[in-house]
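Chain by chain, the residues:
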Amino acid sequence: VFFAALRIEHSSTSLASLKLRWSTSAVGKMSCCAGGVCEDGVYSTYPPCYKVKCIRDTLETSTFCRAAGGCQCCMEHKLSFFERHRARLMLTGAFVSFVCIWLQFIPVLSLSTKYSVLKDLHWTYGEGTVTANGGEAEQTIELYISINAVAVDAGDDEEVVEWDDNDCEDALVGEACDECKDSADGTFTVAVVAFVTSFLQLGTNIQRSTPEGDLNCQRFLGIFTGILGFASTLSSLTSYTGGCGNNLPSDGTTDNGNAIEWDYRWGPALICLTIATFLKVFDAIIHFLLPTPSQKRSADAADILMLPRDDLRSRLGGGDAPLVNSDAYNAA
């Protein structure tokens, strides 16, 4: 984005005289929209399975799918704004989905039990202050807590203790081992599901960025994966916080009998997953507000669907490009 808005002028005598000049007009016009991408969108062909008549009739031109392509509970003339800005809207959604992929990749990486990974990508950070019998702070112990394990940094002593290890309760977390172990499996599953649904959302956003590439099933899938992604990430958050995060001890004693008090705060994995949770709602709303072209929800949808791209664009723009006879197309 930024390099596209830079104009480079150089002298033929020396590379040292390179000068970078910022083009404010390019920034104002969204330099990422070079080539008319933000006006025209990114055209994607139909999935290969759409060449099969029964699949096309079931997933795209059936009564249910044509109904799913439009916002039936709203007056569509009020949604014309979103149709006029289809490309920008869907590409914004694609960018949001791309961000979600990286945000949810961090919690997936944190499933590791390596000390270095847990230290950088933990879900919860715990800091314990050890108090000697005289009341003076003697030592600080750090915990890097994740789904499958906890990394303990006690100064010169560094170790990783998994929740199902026999010596887990000796790792200063006490009875939290059982609760964290019980929540680990469910949290792992939904974290992976949430990560995968972000790829589906990204593909759906790009597919719907042009009227001719838009599909009724893709609108339904965009809303469904957005809701599913939100539900799965929210479930992952509640599974971890309810089963593990909220059961961590606030105080305890060390092996030599000194008192220790714990202070906890969210780690990067938990923060990233929380942000991704609400971004998925935004993506689902975008799909809900943008209906498919009315021609693709009409009784002639089966014939309009198989037009060549230029003819389809003309037909969607109000032109009179001849329809493709779907029966003849299927026979061919």
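Overview of the structure. (Residues numbered from 1 in each chain as written. Predicted model: local features only at pLDDT ≥ 70, side-chain atom pairs only at ≥ 80, totals over all residues. Heavy atoms only, no water.)

## Examining the overall build of the chain
Note the following rule: Elements are defined by DSSP. Helices are runs of H or I of four residues or more, strands are runs of E of two residues or more, and each kind is numbered from the N terminus. Under the scheme applied here, a residue whose accessible area is under 20% of the maximum for its type counts as buried, over 50% as exposed, and between as partly exposed, the area being computed with a 1.4 Å probe on protein chains only. Contacts were defined at the residue level, with two residues in contact if any of their heavy atoms lie within 4.5 Å. In this description, accessible areas are obtained by the Shrake-Rupley approach with a 1.4 Å probe, and a residue is regarded as covered only by the protein chains that are shown.
Counting secondary structure elements, the chain contains 13 helices and 8 strands. Across the 332 residues that make up the chain, the buried fraction comes to 42%. Counting contacts in the chain only where the partners sit at least 6 residues apart, residues at least 24 apart contribute 66% of the total. Entry remark: accessible area of the chain is about 17300 Å², with carbon and sulfur atoms responsible for 59%.

## Some points on the side chain of Ser110
This is how the line gets drawn: Polar contacts, as counted here, are pairs of nitrogen or oxygen atoms within 3.5 Å of one another; within protein the pair requires one atom able to donate a hydrogen and one able to accept it, and residues that are adjacent in sequence qualify only if both atoms are side-chain atoms.
On the secondary structure map, Ser110 appears in the loop between α6 (86-109) and α7 (115-120). Of note is the side chain of Ser110, whose polar atom sits 2.5 Å from the backbone oxygen of Pro107. Within the structure, the side chain of Ser110 is placed 2.6 Å from the side chain of Trp123, a separation counted as a polar contact. For Ser110, the residues in contact, after removing those within four places along its chain, are Val117, Leu118, Leu121, Trp123, Ser146 and Ala269.

## Looking at a negative patch on the surface
Rules: Candidates for patches are residues over 30% relative accessible area with no salt bridge; among them, like charges are joined within 9 Å and nonpolar side chains (Val, Leu, Ile, Met, Phe, Trp, Tyr) within 5 Å. The term salt bridge refers to a pairing of a side-chain nitrogen on Lys or Arg with a carboxyl oxygen on Asp or Glu at a separation within 4 Å. By the counting rule applied here, Lys and Arg register as positive and Asp and Glu as negative, while His and the ends of each chain are not counted. A charge is said to be at NZ when it belongs to Lys, at CZ for Arg, at CG for Asp and at CD for Glu.
A grouping of Asp156, Asp157, Glu158 and Glu159 is seen on the molecular surface, where their side chains present a negatively charged patch. One can find Asp157 in the loop between β5 (149-153) and β6 (158-162). Under the relative-accessibility criterion, Asp157 is labelled partly exposed at 44%.

## Brief notes about the packing of aromatic side chains
The condition that has to hold: Geometry of aromatic contacts follows a simple scheme: Phe, Tyr and Trp rings, the Trp one being its six-membered ring, pair when their centres are within 6.5 Å, and the pair is stacked under 30 degrees between planes, edge-to-face over 60, tilted otherwise.
Throughout the structure, instances matching the rule amount to 8 aromatic pairs. An angle of 85° between the planes, with centres 6.0 Å apart, marks the rings of Trp102 and Phe105 as edge-to-face. Here Trp102 pairs with Phe105, and both are found in helix α6, just 3 residues apart, close to one helical turn. Ring plane angle 10° and centroid distance 6.2 Å describe the contact between Phe220 and Phe224, whose orientation is recorded as stacked. With Phe220 and Phe224 both in helix α9 (residues 216-243), this residue pair falls 4 residues apart, about one helical turn. On the basis of relative accessible area, Phe224 is assigned to the partly exposed category, the value being 44%. Taken together, the aromatic side chains of Phe98, Trp102, Phe105, Phe195 and Phe199 make up a single cluster linked through ring pairs.

## What about the environment of Thr225?
Positionally, Thr225 belongs in helix α9. Each C-alpha atom, one on Thr225 and one on Gln201, is 6.4 Å from the other, the two residues being 24 residues apart in sequence. Excluding its chain neighbours within four sequence positions, the residues that come into contact with Thr225 are Thr197, Leu200 and Gln201. Among the polar contacts listed, one links the side chain of Thr225 to the backbone oxygen of Leu221, at a separation of 2.7 Å.

## Points about the packing of α9 against helix α10 (residues 268-289)
This is how it is decided: Convention adopted: a line fitted to C-alpha atoms gives each axis, helices being fitted over their contacting stretch, and angles between N-to-C directions are expressed from 0 to 180 degrees. Oblique is the label for any angle not under 35 degrees, not over 145, and not in the 65 to 115 range, which are roughly parallel, roughly antiparallel and roughly perpendicular in turn. Helix crossings get a hand from a simple test, with the near helix turned counterclockwise from the far one by less than a right angle marking a left-handed crossing and a clockwise turn marking a right-handed one. Under the scheme applied, nonpolar residues are Ala, Val, Leu, Ile, Met, Phe, Trp, Tyr, Cys and Pro; charged residues are Asp, Glu, Lys and Arg; polar residues are all the others, including Gly.
Direction vectors running N to C along α9 and α10 enclose 160°, while the axes themselves pass 8 Å from each other. Here α10 runs roughly antiparallel to α9, going by the angle between their axes. The crossing of α9 and α10 is left-handed. Together, Arg219, Gly222, Ile223, Gly226, Ile227, Gly229, Phe230, Thr233, Leu234, Ser236, Leu237 and Tyr240 of α9 and Leu270, Leu273, Thr274, Thr277, Lys280, Val281, Asp283, Ala284, His287 and Phe288 of α10 make up the contact between the two elements. Partitioning the contact of α9 with α10 into residue classes produces 11 nonpolar, 8 polar and 3 charged.

## Remarks on the nonpolar core
One broad rule of soluble globular proteins: the nonpolar side chains tend to lie buried together. Just so we agree on the cut-off: What we call a nonpolar core is a set of buried Ala, Val, Leu, Ile, Met, Phe, Trp, Tyr and Cys residues that are connected through their side-chain atoms within 4.5 Å.
Of all hydrophobic cores here, the largest spans 25 residues; its most connected members are Trp123, Ile141, Ile145, Val150 and Trp163. Those elements that provide at least two residues to this core are β4 (137-145), β5, α8 (176-207), α9, β8 (259-266) and α10. The greatest single-element share of this core, amounting to 4 residues, is contributed by α8. Of all hydrophobic cores here, the second largest spans 10 residues; its members include Cys217, Ile304, Leu307 and Leu316.

## As for the pairing of β5
Condition: By definition, two strands form a pair when at least two bridges between them are found by DSSP.
The element β5 is extensively covered by neighbouring structure, given that 5 of its 5 residues are classed as buried. The alternating pattern of β5 places Ala149, Ala151 and Asp153 and Val150 and Val152 on opposite faces, both of which are buried. Examined bridge by bridge, β5 and β6 share 5 bridges and lie antiparallel to one another. Following the sheet pairing, Val150 is matched in β6 by Val161.

Any functional reading would require information that these geometric values do not contain.
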